[in-house]
Amino acid sequence: MVREGLCELDAVTYGTVIDGLCKAGNVAMAIEMLRVMEKERSCCKPNTRVYNIVIDGLCKDRMIDSAFKLFDEMSEKGISRNVVTYNALICGLCNLSRWSEVKMLMEEMIGSYKIYPDVFTYNSLVDALCKEGLVDEAEDVIQIMKQQNVAPDVISYSALIDGYCLQGRMDEARYVFDSSMARMNIWSYTILINGYCNKKRIDDAMHMFREMPRKGLKPNVTTYTSTFELMLDLLDTEDKNSTIIKMIQKLANEDEDRSRDDESRHGRRSRNGLLGIDWII
């Protein structure tokens, strides 16, 4: 229809298509679309949002140098950069451990353009530092966030907990878990449980596992799988059989409860059990 002139693409449509291409891993085609936009009428010229989408896609594909070319192009064409632009690049640099460039970029965004880091910026730093084993430095970033009145969220604390767990520093991981101001979620519990299992502290792991329902959290498939795989490796055959039976019983009971909830909501019960439409939705 576009080729036949029956309809015209606007900036929003272009942006949506480019976003979809990047999410599908086709960044090269997204860049081609960006170049097509440049040839369109003024209302369809690439804007900050479009550039941010492509830069983020390039960074996720570890094509950071190409991302920086588009970043420089924005300045040359008078297209404003914002914190989202910088976040994409900082995250990309962190994932490649290019720390000196991270420092320079943050100095530029704050010092030259008065664009200040947000929680996403800091979370990228915390996560990357923890994965590098630099958990003490990540802890420093958390303290800087508080000083700058940027409240650490559950992602910040979960990344830090994971960093301590990876180093086997379980008491410090638990301290962060207990003292954080953010409400811990299912992933936070799973990280800590896995950490305890790796250190063969099964009682602590089971305590955390049992605590989840009391906090209104339901273990998901990932939690069950990762937790019980680690636990079963540490149990003898008799204990394994008992634990597996209990796990299956618990899953069956939860499915029965879910079915009753569905029946009360919809006035009927799915005939397909776990594979019913209500469960898929």
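- An unreviewed UniProt entry lists the chain under the name Pentatricopeptide repeat-containing protein, from Castilleja foliolosa.
- The Sequence similarities (unreviewed entry) comment attached to the chain in UniProt states, word for word, "Belongs to the PPR family. P subfamily."

Section: the UniProt feature "repeat: PPR" (unreviewed entry) in the chain
Here is step 1 of the chain: UniProt tags residues 10–40, 47–81, 82–112, 118–152, 153–184 and 185–219 as "repeat: PPR" (unreviewed entry).
Here is step 2 of the chain: The span residues 82–112 carries 87% helix and 0% strand; its end-to-end C-alpha distance comes to 12 Å.
Here is step 3 of the chain: When the span residues 185–219 is considered, its composition is 74% helix and 0% strand, and the gap between its end C-alpha atoms is 10 Å.

Re the nonpolar core
Here is step 1 of the chain: Ranked by internal contacts, the top residues of the largest apolar core, which has 75 residues, are Ile18, Ile55, Leu89, Ile90, Ile161 and Leu192.
Here is step 2 of the chain: Setting aside its immediate chain neighbours within four residues, isoleucine 161 contacts Ala173, Val176, Phe177, Met184, Ile191 and Leu192.

Side note on the pattern of salt bridges
Here is step 1 of the chain: A full pass over the atoms with the stated rule returns 15 salt bridges.
Here is step 2 of the chain: Across the pair glutamate 108 and arginine 81 runs a salt bridge whose closest N-O atoms are separated by 3.6 Å. One end of the pair, glutamate 108, is in helix H6 (residues 99–112); the other, arginine 81, is in the loop between helix H4 (64–76) and helix H5 (83–95), with 27 residues separating them in the sequence.
Here is step 3 of the chain: On the basis of relative accessible area, glutamate 108 is assigned to the partly exposed category, the value being 26%.
Here is step 4 of the chain: Judged by its relative accessible area of 15%, arginine 81 is buried.
Here is step 5 of the chain: Notably, a salt bridge pairs glutamate 101 with arginine 98, separated by 2.6 Å at the nearest N-O pair.
Here is step 6 of the chain: Three or more residues joined by partner-sharing salt bridges are found here, namely Arg35, Glu38, Glu73 and Lys77.

Description of the packing of helix H9 (residues 154–166) against helix H11 (residues 186–198)
Here is step 1 of the chain: Two elements in contact, H9 and H11, have axes whose closest approach is 9 Å; the angle formed by their N-to-C orientations is 5 degrees. By the angle between their axes, H9 is roughly parallel relative to H11. Note on element contacts: H11 touches H9 through Ser188, Ile191, Leu192 and Gly195, opposite Val154, Ser158, Ile161, Asp162 and Cys165.
Here is step 2 of the chain: Taken together, the residues of the contact of H9 with H11 break down into five nonpolar, three polar and one charged.

A word on a positive patch on the surface
Here is step 1 of the chain: Residues Arg183, Arg210, Arg214 and Lys215 make up a contiguous surface patch of positive charge.
Here is step 2 of the chain: Inspection of the secondary structure puts arginine 214 in helix H12 (residues 202–214).

Observations concerning the packing of aromatic side chains
Aromatic ring pairs are defined here through the distance separating the ring centres and the angle between the ring planes.
Here is step 1 of the chain: In total, this model carries three aromatic pairs according to the counting rule given.
Here is step 2 of the chain: With a centroid separation of 5.9 Å and 85 degrees between ring planes, the pair formed by phenylalanine 68 and phenylalanine 71 is classed as edge-to-face. Highlighted residues: phenylalanine 68 and phenylalanine 71, both in helix H4, separated by three residues, approximately one helical turn. The pair phenylalanine 68 / phenylalanine 71 is uniform in exposure class, with both members buried.
Here is step 3 of the chain: Note on phenylalanine 177 and tyrosine 189: the rings are 4.9 Å apart at their centroids and 85 degrees apart in plane angle, and the pair reads as edge-to-face.

Some remarks on the environment of lysine 69
Here is step 1 of the chain: Among the structural elements, lysine 69 can be located in helix H4.
Here is step 2 of the chain: On a C-alpha basis, the gap between lysine 69 and isoleucine 55 in space is 9.2 Å, while along the polypeptide they are 14 residues apart.

Notes on the confidence of the model for the chain
Here is step 1 of the chain: Scored by pLDDT, the chain has a mean of 83; 77% of the residues are at 70 or more.
Here is step 2 of the chain: Note that pLDDT drops below 50 for residues 1–7; the model gives that stretch four contacts with residues more than four away or on any other chain.
Here is step 3 of the chain: In this model residues 266–281 is a low-confidence stretch, pLDDT under 50, and it forms 16 contacts with partners more than four residues away in sequence or in other chains.

A closer look at the side chain of threonine 121
Here is step 1 of the chain: Mapped onto the fold, threonine 121 is located in helix H7 (residues 119–131).
Here is step 2 of the chain: Take threonine 121: its relative accessible area is 0%, and that puts it in the buried class.
Here is step 3 of the chain: A distance of 2.8 Å separates the side chain of threonine 121 from the side chain of aspartate 118, its partner in a polar contact.
Here is step 4 of the chain: For threonine 121, the residues in contact, after removing those within four places along its chain, are Val83, Asn87, Ile90 and Met106.

About the thresholds
- Residues numbered from 1 in each chain as written.
- Predicted model: local features only at pLDDT ≥ 70, side-chain atom pairs only at ≥ 80, totals over all residues.
- Heavy atoms only, no water.
- UniProt positions renumbered as here; feature names shortened; annotations may be inferred.
- Helix = DSSP H or I, 4+ residues; strand = E, 2+ residues; numbered from the N terminus.
- Core = buried A, V, L, I, M, F, W, Y, C linked by side-chain atoms within 4.5 Å.
- Buried < 20%, exposed > 50% of the residue type's maximum accessible area, 1.4 Å probe, protein only.
- Contact = heavy atoms within 4.5 Å.
- Salt bridge = Lys/Arg side-chain N within 4 Å of Asp/Glu carboxyl O.
- Axes fitted to C-alpha atoms, helices over the stretch in contact; angles between N-to-C directions.
- Parallel < 35°, antiparallel > 145°, perpendicular 65-115°, else oblique.
- Nonpolar A, V, L, I, M, F, W, Y, C, P; charged D, E, K, R; others polar.
- Patch = residues over 30% accessible without salt bridge, like charges linked within 9 Å, V, L, I, M, F, W, Y side chains within 5 Å.
- Areas by Shrake-Rupley, 256 points an atom, 1.4 Å probe, with all protein chains shown as cover.
- Lys, Arg positive; Asp, Glu negative; His and termini not counted.
- Charge placed at Lys NZ, Arg CZ, Asp CG, Glu CD.
- Phe/Tyr/Trp six-rings, centres within 6.5 Å; stacked < 30°, edge-to-face > 60°.
- pLDDT = per-residue confidence, 0-100.
- Polar contact = N/O pair within 3.5 Å; in protein donor to acceptor, adjacent residues only side chain to side chain.

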